[in-house]
Amino acid sequence: MRRVFLHTGFHKTGTTSAQAFLFANRKKIWPHHAMILPFRTRANRTRMAATYHSSSRDPISLDEFRYRLRGMFSEIDFKSDRGLIISDENFSGLRPSLNSDPGYPAAADLAEALVDEVRALFPGEEVDITLYLSTRAPSAWLRSLWAHEVRKGWTPLGLDEFSEQFAALSDLSHTVHAIADRLPGCTVVEHRLEVLSMLPFGPATPFVDFLDLPKAELAGFDRPAPENHSPSTEVLQQLLELNRMDLPLEELKERKQAVLRAHWKKAKS
């Protein structure tokens, strides 16, 4: 029986750390499961097709997502029994703060299309598919999302204003339930970052559990290191003030990069 593990969201829930773990241990995982991580979905433009559909939400853009998936899958040697692991939070669509419609309105459509294309890969075979969604406590998630938009976007909103504006988006479990309702033939699971962070493999724990390897083999795996740290509150405030200035886009980027370079240099010293 083929075993498939699909991690399709959500943003700012430890996804970078989990993906770093998978990449660091790819040579140990490959004999058991093929892996598709963001560097591949970017190169194939599958990620772009998913995020585009989350804003357009029309049949043509969803067909483009399916087409890109088929092209990506065709490059992989699955042999007779190799399973599949996919991890890309953008397969649920754009970050909610970038979507024209609230939340993850296309997540269920994208999940259903992904599962359909995975099943089509293995005609006549029994395929056990688990769709995993990483979540986070609402207040912590909103702060992380805000920090990301301050650092890489151009929001002029402070944390309180941002949290108030996007409060309705913070219950990610609502989207999890919508996806589960659309996929009755799949196992849909949700794990909160706060709980996973207390475990030895942290955000990578659901992948370790899925691999179900002997302890001796698992002992040789690299443990995940924290990734994608948010700058300090002081630095975020500096970046926020820059966002509030009427600066040309290129100048804004350069000045924000200078603030971040100084921060990371100081942090390393």
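What you see is a predicted model; the values in this text were computed from it and never measured.

1. Observations concerning the overall build of the protein chain
- Within the protein chain, the secondary structure is distributed over 14 helices and five strands.
- Here the C-alpha radius of gyration of the protein chain, 19 Å, is about what a compact globule of 269 residues would show, namely 18 Å.
- In terms of overall dimensions, the protein chain has a C-alpha envelope of 60 × 45 × 30 Å along the principal axes.
- Counting only residues that meet the buried cut, the protein chain has 51% of its 269 residues in that class.
- A separation of at least 24 residues holds for 78% of the contacts in the protein chain among residues at least 6 apart in sequence.
- Roughly 13,500 Å² of accessible area belongs to the protein chain as shown, and the carbon and sulfur atoms make up 53% of that amount.

2. A closer look at the side chain of S54
- Assignment of secondary structure puts S54 in helix α4 (residues 46-56).
- Residue classification places S54 among the buried residues on the basis of a relative accessible area of 2%.
- A polar side-chain atom of S54 sits 3.1 Å from the main-chain amide nitrogen of L94.

3. Regarding the side chain of S97
- Take S97: it is sitting in the loop between β3 (83-87) and α6 (107-121).
- For S97, a relative accessible area of 18% puts it in the buried group.
- At 2.6 Å, the side chain of S97 forms a polar contact with the side chain of E149.
- Excluding its chain neighbours within four sequence positions, the residues that come into contact with S97 are L145, E149, F162 and F166.

4. Re the environment of L199
- For L199, the location among the structural elements is in the loop between α10 (193-196) and α11 (205-211).
- Looking at L199, the relative accessible area reads 37%, which means it is partly exposed.
- Through-space distance from the C-alpha of L199 to that of V235 is 30 Å; in sequence the pair is 36 residues apart.

5. Examining the nonpolar core
- The biggest cluster of nonpolar side chains holds 55 residues, and the ones touching the most others in it are L6, F65, L84, L114 and V118.
- At eight residues, α6 tops the list of elements feeding residues into this core.
- Setting aside residues no more than four positions away along its own chain, L84 makes contact with R3, V4, F5, H33, A34, I36, F73, F78 and V118.
- Of all hydrophobic cores here, the second largest spans 19 residues; its members include L196, F201, F207 and F210.

6. Structural notes on the sheet that holds strand β5 (residues 187-192)
- One open sheet accounts for five strands, arranged β2-β3-β1-β4-β5; its pairing is parallel. Taken across any chain shown, the strands that pair with only one partner, and hence form the sheet edges, are β2 (33-36) and β5. Strand-to-strand twist of the sheet, defined as the mean angle between neighbouring strand axes without regard to direction, takes the value 15°.
- As paired elements, β2 and β3 share four bridges and run parallel to each other. In the strand pairing of β3, A34 is matched with L84.

7. As for the pairing of strand β4 (residues 127-135)
- Extensive coverage of β4 is indicated by the burial of eight of its nine residues.
- In terms of strand pairing, strand β1 (residues 2-7) meets β4 through six bridges, oriented parallel. In the strand pairing of β4, R2 is matched with V127.
- Pairing between β4 and β5: six bridges, direction parallel. Counterpart to T135 in the pairing with β5 is R192.

Calculation notes
- Residues numbered from 1 in each chain as written.
- Predicted model: local features only at pLDDT ≥ 70, side-chain atom pairs only at ≥ 80, totals over all residues.
- Heavy atoms only, no water.
- Helix = DSSP H or I, 4+ residues; strand = E, 2+ residues; numbered from the N terminus.
- Rg over C-alpha atoms; globule rule 2.2 N^0.38 Å.
- Buried < 20%, exposed > 50% of the residue type's maximum accessible area, 1.4 Å probe, protein only.
- Contact = heavy atoms within 4.5 Å.
- Areas by Shrake-Rupley, 256 points an atom, 1.4 Å probe, with all protein chains shown as cover.
- Polar contact = N/O pair within 3.5 Å; in protein donor to acceptor, adjacent residues only side chain to side chain.
- Core = buried A, V, L, I, M, F, W, Y, C linked by side-chain atoms within 4.5 Å.
- Pairing = 2+ DSSP bridges.
- Axes fitted to C-alpha atoms, helices over the stretch in contact; angles between N-to-C directions.

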